[in-house]
Amino acid sequence: MAGLDSMGYGREQVVASLRAFVGDFFDGYARAAGKARWADKTPNYVACLPELWELFGRDARFVLLVRNGLDVAYSLSDPHRHFPAIDEHVREADGSTPIGAARYWSDQNERIEAFRQAHPEACFRLRYEDLTTQPEATLRPMFDFLGEPWDPSVLEYDRFEHHSGFEDPDVKRRRGIEPNSGRAAAWPADLQRAVGAACEPALTTLGYAAR
């Protein structure tokens, strides 16, 4: 804003211009696909939730998907993959990827929860574990929240072609919605306890009991 302010542009004007600029891409994409509305799932948006609220505010709805921090830390500790987002936390954890990943998860979810508490009317939270074991029962309330009629075909998303974008490659390796929880149990008990402690306080706030 410093440079734009010096040119005589106020914040409200800049926000309105950015809203129109960003919205044009997504609105155009929705129209081309024959859809009435659009959605975007990008984990990095956690870092700019207040800015997204400023851009779209009361016109937007936020679906917040949470997952047990131990399972997330286990996935992020995959030795065959590198997740740059956790690098700083890993360094601060003296090189421990599981502990660094757990702290990253906690930080991210504290931001999400703070946003939810600030804008509860615009947020719907669902749990990954419920979504993957009881998909219809979990998704129906979300559809109600969004004001959309329930469509059972969403449970068979793998039957339809999609524009993938930067999606996780695991999506293409799976067929349908399936459970994928509890893998952190493969860690030794002491590591599970340490990772659980590193996930606090978000682990307790979200109702996940430390193992």
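Residues numbered from 1 in each chain as written. Predicted model: local features only at pLDDT ≥ 70, side-chain atom pairs only at ≥ 80, totals over all residues. Heavy atoms only, no water.

Undergrad: Lay out the side chain of glutamate 129 with the relevant residues and their values.
TA: Here glutamate 129 lies in helix H7 (residues 128-133). Although glutamate 129 is buried, it forms no salt bridge, and the closest oppositely charged side chain is arginine 127 at an N-O distance of 4.4 Å. Not counting the four nearest positions on each side in its chain, glutamate 129 is found in contact with Val66, Arg67, Asn68, Ser181 and Tyr208. (Helix = DSSP H or I, 4+ residues; strand = E, 2+ residues; numbered from the N terminus. Buried < 20%, exposed > 50% of the residue type's maximum accessible area, 1.4 Å probe, protein only. Lys, Arg positive; Asp, Glu negative; His and termini not counted. Salt bridge = Lys/Arg side-chain N within 4 Å of Asp/Glu carboxyl O. Contact = heavy atoms within 4.5 Å.)

Undergrad: Any chance you could break down a nonpolar patch on the surface for me, citing the residues and the numbers?
TA: Taken together, the side chains of Met1, Leu4, Met7 and Tyr9 define a hydrophobic patch exposed on the protein surface, amounting to about 380 Å² of accessible area. Looking at the element boundaries, tyrosine 9 is found in the loop between helix H1 (2-6) and helix H2 (11-32). (Patch = residues over 30% accessible without salt bridge, like charges linked within 9 Å, V, L, I, M, F, W, Y side chains within 5 Å. Areas by Shrake-Rupley, 256 points an atom, 1.4 Å probe, with all protein chains shown as cover.)

Undergrad: Any chance you could break down the packing of aromatic side chains for me, citing the residues and the numbers?
TA: Evaluation of the coordinates by the stated rule reveals 9 aromatic pairs. Between tryptophan 53 and phenylalanine 62 the ring centres are 6.3 Å apart and the planes differ by 40 degrees, which places this aromatic pair in the tilted class. Phenylalanine 62 shares its class with tryptophan 53; the two are buried. Taken together, the ring pairs connect Phe26, Trp38 and Phe56 into an aromatic cluster. A cation over an aromatic ring shows up here: arginine 67 above the ring of tyrosine 128, its NZ or CZ 4.2 Å from the ring centre. Over the ring of tyrosine 208 we find arginine 127; its NZ or CZ atom is 4.2 Å from the centre of that ring. (Phe/Tyr/Trp six-rings, centres within 6.5 Å; stacked < 30°, edge-to-face > 60°. Lys NZ or Arg CZ within 6 Å of the ring centre and 35° of its normal.)

Undergrad: Break down the nonpolar core for me, with residues and values.
TA: Taken as a class, soluble globular proteins show a tendency for nonpolar side chains to be buried jointly. One finds Leu76, Ile86, Trp105 and Val195 to be the most contacted residues of the largest nonpolar core, which totals 23 residues. Per element, the largest residue contribution to this core is 5 residues, and it comes from helix H6 (residues 97-118). What tryptophan 105 contacts, discounting residues up to four positions off in sequence, is Arg67, Asn68, Gly69, Val72, Cys199, Ala202, Leu203 and Leu206. Leu55, Phe56, Ala60 and Ala122 belong to the second-largest nonpolar core, a separate cluster that totals 14 residues. (Core = buried A, V, L, I, M, F, W, Y, C linked by side-chain atoms within 4.5 Å.)

Undergrad: Please provide a residue-by-residue account of the side chain of arginine 67, values included.
TA: Note on placement: arginine 67 falls in the loop between strand E1 (62-66) and helix H4 (69-76). The side chain of arginine 67 sits in the buried core without any salt bridge; aspartate 71 is the nearest counter-charge, 4.9 Å away.

Undergrad: Can you explain the pattern of salt bridges? Please cite residues and give values.
TA: In the structure shown here, the tally under the stated rule is 7 salt bridges. Between glutamate 54 and arginine 11 there is a salt bridge, and its shortest N-O distance comes to 2.7 Å. Placement of the pair is glutamate 54 in helix H3 (residues 49-56) and arginine 11 in helix H2, with a sequence separation of 43 residues. Residue glutamate 54 is classed as partly exposed on the basis of its relative accessible area of 31%. Glutamate 113 serves as the salt-bridge partner of arginine 116, at 2.7 Å between the closest nitrogen and oxygen. Within this pair, arginine 116 and its partner glutamate 113 are both found in helix H6, separated by 3 residues, close to a single helical turn. Note on glutamate 113: relative accessible area 9%, which makes it buried.

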